[in-house]
Amino acid sequence: MTVRIGTRASKLALTQTQQTADQLAAVGGFPVELVHIRTDGDVLTGSLSQMGGTGVFVAALRDALLRNECDVAIHSLKDLPTGAAVGLSLAATPRRVDVRDVLCARDGLKLADLPAGARVGTGSPRRAAQLRAARPDLEIIDIRGNVDTRLGRVPGLPGNAVTDVVPGKSCDLDAVVLAAAGLERISRLDTVSEFLETDVMLPAAGQGSLAIECRTADAPPRPGSAEGSKDVLAQALSALDDPDTRLAVTAERALLARLEAGCAAPVGAYAFRKGSMLYLEAVVCAVDGTASVRDKRATDGLTEVGATLLGIELAEVLLAAGAADIADLQAS
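Residues numbered from 1 in each chain as written. Predicted model: local features only at pLDDT ≥ 70, side-chain atom pairs only at ≥ 80, totals over all residues. Heavy atoms only, no water.

Per an unreviewed UniProt entry, the recorded name for the protein is Hydroxymethylbilane synthase, and the organism is Pseudarthrobacter oxydans. Quoted verbatim from the Sequence similarities (unreviewed entry) heading of the UniProt record, the comment on the protein is "Belongs to the HMBS family." Of the comments in the UniProt record for the protein, the one headed Subunit (unreviewed entry) reads "Monomer." (UniProt positions renumbered as here; feature names shortened; annotations may be inferred.)

Here it is in structure tokens:
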């Protein structure tokens, strides 16, 4: 049996998919084959919200699963919509890596050292809002493109192939903000001038995590469910699932779902288990950075139900504090 693994064809997607495929093959003892799937997010231009949100990176992969063109799909979990996909299951959440955002700035500058009016690029409303809150004197530039393209907007970064200043294309920004996890996976952490701690910038829900999705009939059975499989693929997927990561991202995604937050909503959320407790912190920001609502909660209910209730509880706290009044939570 050869397991077909669907992936986007970007450098980051191929790298993280190959790494996961190698782990699956090692655990399951079966050969694997990567199937390249082109998504709307790889073709369309413009801002993410105009294209329909993070779901544009996921829909084609899900369709390929349902059409039996692949057996497994690997996503960045933060790209996965919170709504359930009929016929599909989140089969595994491998151990999470660094959740933080990072600043990649010219001359090794840190956020506090950037001069007034410095141009900082990001395609994320969440990052833009928290940058403006921390440094209202910065000029935040909306950018798109893969990781290498974004890094190419900052002059002098290690590994950049282009040195010419071309507005909108290369060497025209003072810094960009990206996810540490993505840079780690493609071995470009040497471009980082500062890791932004979560008290400055809370990450996106699911950041640093991968999602392995498959048809429900092929997935490992979940607690309390009769659906699923016990064949070799399901067993391998179960072996890759990290329980603490699943608890954390379940809480984060439950919070997003209760907030009814679209992909362009400036919402940060981070959960982690420590000892017998699961902690969750979240922030909802005005896009211009002038207002925010931030709070945290914890639970000793270390089950998916407990994590879900924690996310809902914190969302209710944020809504009661006026989250819906300071941000367009339905932004997509």
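Draft legend 1. Quick peek at the sheet that holds strand 12 (residues 277–285). Pairing is antiparallel across the open sheet formed by three strands, whose spatial order is 11-12-13. The open sheet has two free edges, formed respectively by strand 11 (267–274) and strand 13 (292–299), since each of these has just one partner strand. Averaged over all adjacent pairs, the angle separating strand axes in this sheet is 10 degrees, with direction ignored. Helix 9 (residues 243–259) contacts strand 11 and strand 12 of the sheet and is inclined by roughly 150 degrees relative to strand 11. (Pairing = 2+ DSSP bridges. Helix = DSSP H or I, 4+ residues; strand = E, 2+ residues; numbered from the N terminus. Axes fitted to C-alpha atoms, helices over the stretch in contact; angles between N-to-C directions. Contact = heavy atoms within 4.5 Å.)

Draft legend 2. Highlighting the pairing of strand 5 (residues 101–105). The buried count for strand 5 comes to five of five residues, which makes it a mostly enclosed element. Of the two faces of strand 5, the one holding Asp101, Leu103 and Ala105 and the one holding Val102 and Cys104 are both buried throughout. As paired elements, strand 5 and strand 9 (residues 194–196) share three bridges and run antiparallel to each other. Counterpart to valine 102 in the pairing with strand 9 is phenylalanine 195. (Buried < 20%, exposed > 50% of the residue type's maximum accessible area, 1.4 Å probe, protein only.)

Draft legend 3. Main features of the confidence of the model for the protein. Across the protein, the average pLDDT comes to 92, with 94% of residues at or above 70. When the criterion is pLDDT under 50, residues 47–53 qualifies, and its contacts beyond four places in sequence or with other chains add up to 18 contacts. (pLDDT = per-residue confidence, 0-100.)

Draft legend 4. Here's a closer look at a nonpolar patch on the surface. A surface patch of nonpolar side chains, amounting to about 270 Å² of accessible area, comprises Val305, Leu309 and Ile312. Along the chain, the position of isoleucine 312 falls in helix 10 (residues 304–320). Look at isoleucine 312 and you get partly exposed, because its relative accessible area is 32%. (Patch = residues over 30% accessible without salt bridge, like charges linked within 9 Å, V, L, I, M, F, W, Y side chains within 5 Å. Areas by Shrake-Rupley, 256 points an atom, 1.4 Å probe, with all protein chains shown as cover. Salt bridge = Lys/Arg side-chain N within 4 Å of Asp/Glu carboxyl O.)

Draft legend 5. Summary view of the layout of surface pockets. In this structure, the second largest pocket spans a volume of roughly 720 Å³. Contributing to the lining of the second largest pocket are 28 residues, with Ala84, Ser89, Leu90, Arg246 and Glu304 lying nearest its centre. For the lining of the second largest pocket, the elements supplying multiple residues, two or more each, are strand 4 (88–92), helix 9 and helix 10. Here the element with the most residues in the lining of the second largest pocket is helix 9; it accounts for six residues. Taken together, the residues of the lining of the second largest pocket sort by class into 13 nonpolar, eight polar and seven charged. (1 Å grid on protein atoms, 1.4 Å probe; cavity = no way out; pocket = protein on both sides within 12 Å on 5 of 7 lines; lining within 4 Å. Points joined across faces, edges and corners; volume = space filled by probe spheres on them. Nonpolar A, V, L, I, M, F, W, Y, C, P; charged D, E, K, R; others polar.)

Draft legend 6. Focus on the environment of glycine 121. With respect to the helices, strands and loops of the structure, glycine 121 is situated in strand 6 (residues 119–122). According to the relative accessible area criterion, glycine 121 is buried, its value standing at 0%. When the C-alpha atoms of glycine 121 and glutamine 23 are compared, they prove to be 34 Å apart, with 98 residues separating the residues in sequence. With near-sequence residues (within four places) excluded, glycine 121 lies in contact with Ile141, Ile143, Leu173, Ala175, Val176 and Val177.

Draft legend 7. Structural detail: the packing of aromatic side chains. Counted according to the given criterion, the structure contains two aromatic pairs. Note on phenylalanine 272 and tyrosine 279: the rings are 5.4 Å apart at their centroids and 20 degrees apart in plane angle, and the pair reads as stacked. On the basis of relative accessible area, phenylalanine 272 is assigned to the partly exposed category, the value being 32%. By the ring-pair criterion, three or more aromatic residues cluster together here, those being Tyr270, Phe272 and Tyr279. (Phe/Tyr/Trp six-rings, centres within 6.5 Å; stacked < 30°, edge-to-face > 60°.)

Draft legend 8. Representation of helix 8 (residues 232–240). Looking only at helix 8, the buried set comprises Leu233, Ala234, Ala236, Leu237 and Leu240. Viewed along the axis of helix 8, the buried residues span an arc of 160 degrees, placing them on a single side of the element. Residues of helix 8 that are exposed and angled more than 90 degrees away from the buried face: Gln235 and Ala239. Summarising the contacts, the buried residues of helix 8 are in contact with strand 1 (3–7), helix 1 (11–28), strand 3 (72–76), strand 4 and strand 10 (210–215). N-cap assignment for helix 8: the residue whose side-chain oxygen lies 3.2 Å from the backbone N of leucine 233 is aspartate 231. (Arc of directions from axis to C-beta. Polar contact = N/O pair within 3.5 Å; in protein donor to acceptor, adjacent residues only side chain to side chain.)

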